[in-house]
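Residues per chain, in single letters:
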Amino acid sequence: MADGFNSAGDILATAIAFGGYVYAKKPPDEDHHFGHGNAENVAGLIVGAMLLATGVFIMIEGLLSLTRGRYSSPEMPAVWVALFTIVAKEGLYRYAHHVGRKVRSPGIQASARDHRADVLVGFVVLAGVLGARTGVTWLDPGAAMAVGLWITVMAIQPVRSNFDVLMDRAPVELTKRIVDTALEVPDVLGVEQVRVHPLGADYHVALEIQLAAETSLRKAHLKAHEVEERVRDAVAHVVGVQVHVNPREVAG
């Protein structure tokens with residue numbers, strides 16, 4: 001029953017991930033200047049929250065059954081259902097993982113992680129059912145508690161990662177890569193500030209570079225465009241770059 005509740009939740013979670021992916025593809029408009037990419041992270045956050053709630057609910061139900069002694073030996077069909085769930089969920093994981101990486105969708109990748117968790121959950125359920133059928137009846141509600149705990153732990157990563165994107169948390173290594181790339185452009189004397197704005201699976205970047213104070217306006221304009229192109233080409237998932245030029249006095 002715990003595994004059944006979890007699978008039922010997967011239907012809604014996958015629908016939410018799909019809706020977030022479709023909505024995120026909408027182009028920029030007059031009140032969404034950077035597009036709608038964060039809809040995928042909203043979907044991923046909802047999926048993670050649903051996983052968290054499901055895990056806690058299943059743990060509580062398993063604990064109540066265990067403490068109240070309300071359990072018995074499951075019938076043989078429970079074994080076949082557990083085996084079928086393991087095979088089906090592994091297939092769903094492989095497909096969703098492949099598609100999620102191909103289209104770089106946080107929502108679909110969160111759904112894929114859920115399917116992989118379900119495979120491990122299926123083995124726990126199978127062990128609990130088989131153990132209960134051999135006479136150790138408490139293993140069935142014990143397996144339900146283990147299922148709930150595992151789902152709760154698996155929910156933490158998608159909740160945290162999608163929350164970080166929505167809060168504009170920029171990876172430190174990405175910022176360093178942007179600075180290093182900008183400094184490789186000839187005549188760029190320094191990088192004063194880098195601001196990274198995550199949007200779905202992509203990033204928009206704004207940075208300030210330093211050029212010699214005597215640089216002509218035309219040359220500064222060309223250098224700014226060169227930095228933009230270099231950063232877009234060299235740094236993965238950066239789709240938009242804005243460069244501001246600051247003058248720097250050069251000694252001698």
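Draft legend 1. Broad picture of the nonpolar core. Counting residues in hydrophobic clusters, the biggest one holds 19 residues, and the most contacted among them are Ile-178, Leu-207, Ile-209, Val-227, Val-231, Val-238 and Val-243. Those elements giving two or more residues to this core turn out to be α6 (172-183), β2 (202-212), α7 (217-234) and β3 (238-248). When residues of this core are assigned to their parent elements, the largest contribution, five residues, is made by β2. Val-227 has contacts with Ala-182, Val-185, Val-188, Leu-207, Ile-209 and Val-243, leaving out every residue within four places of it along the chain. Within the second largest apolar cluster, 16 residues are counted, among which are Ala-13, Val-79, Ile-86 and Val-129.

Draft legend 2. Region of interest: the pattern of salt bridges. Throughout the structure, instances matching the rule amount to six salt bridges. Its salt-bridge partner being Arg-94, residue Glu-90 comes within 2.9 Å of it at the nearest N-O pair. In this pair, Glu-90 and Arg-94 are both assigned in helix α3 (residues 77-103), four residues apart and thus about one turn of the helix distant. Residue class for Glu-90 comes out buried when judged on its relative accessible area of 18%.

Draft legend 3. Structural detail: the sheet that holds strand β1 (residues 190-199). Strand order in the open sheet formed by three strands is β1-β2-β3, and the pairing between neighbours is mixed. Strands with a single pairing partner mark the edges of an open sheet, and in this sheet they are β1 and β3. Averaged over all adjacent pairs, the angle separating strand axes in this sheet is 15 degrees, with direction ignored. Judged from the nine bridges that link them, β1 and β2 form a sheet pairing that is antiparallel. Looking across to β2, one finds that Leu-199 is bridged to Asp-202. The sheet strands contacting α6 are β1 and β2, and the helix crosses β1 at an angle near 135 degrees.

About the thresholds
- Residues numbered from 1 in each chain as written.
- Predicted model: local features only at pLDDT ≥ 70, side-chain atom pairs only at ≥ 80, totals over all residues.
- Heavy atoms only, no water.
- Core = buried A, V, L, I, M, F, W, Y, C linked by side-chain atoms within 4.5 Å.
- Buried < 20%, exposed > 50% of the residue type's maximum accessible area, 1.4 Å probe, protein only.
- Helix = DSSP H or I, 4+ residues; strand = E, 2+ residues; numbered from the N terminus.
- Contact = heavy atoms within 4.5 Å.
- Salt bridge = Lys/Arg side-chain N within 4 Å of Asp/Glu carboxyl O.
- Pairing = 2+ DSSP bridges.
- Axes fitted to C-alpha atoms, helices over the stretch in contact; angles between N-to-C directions.

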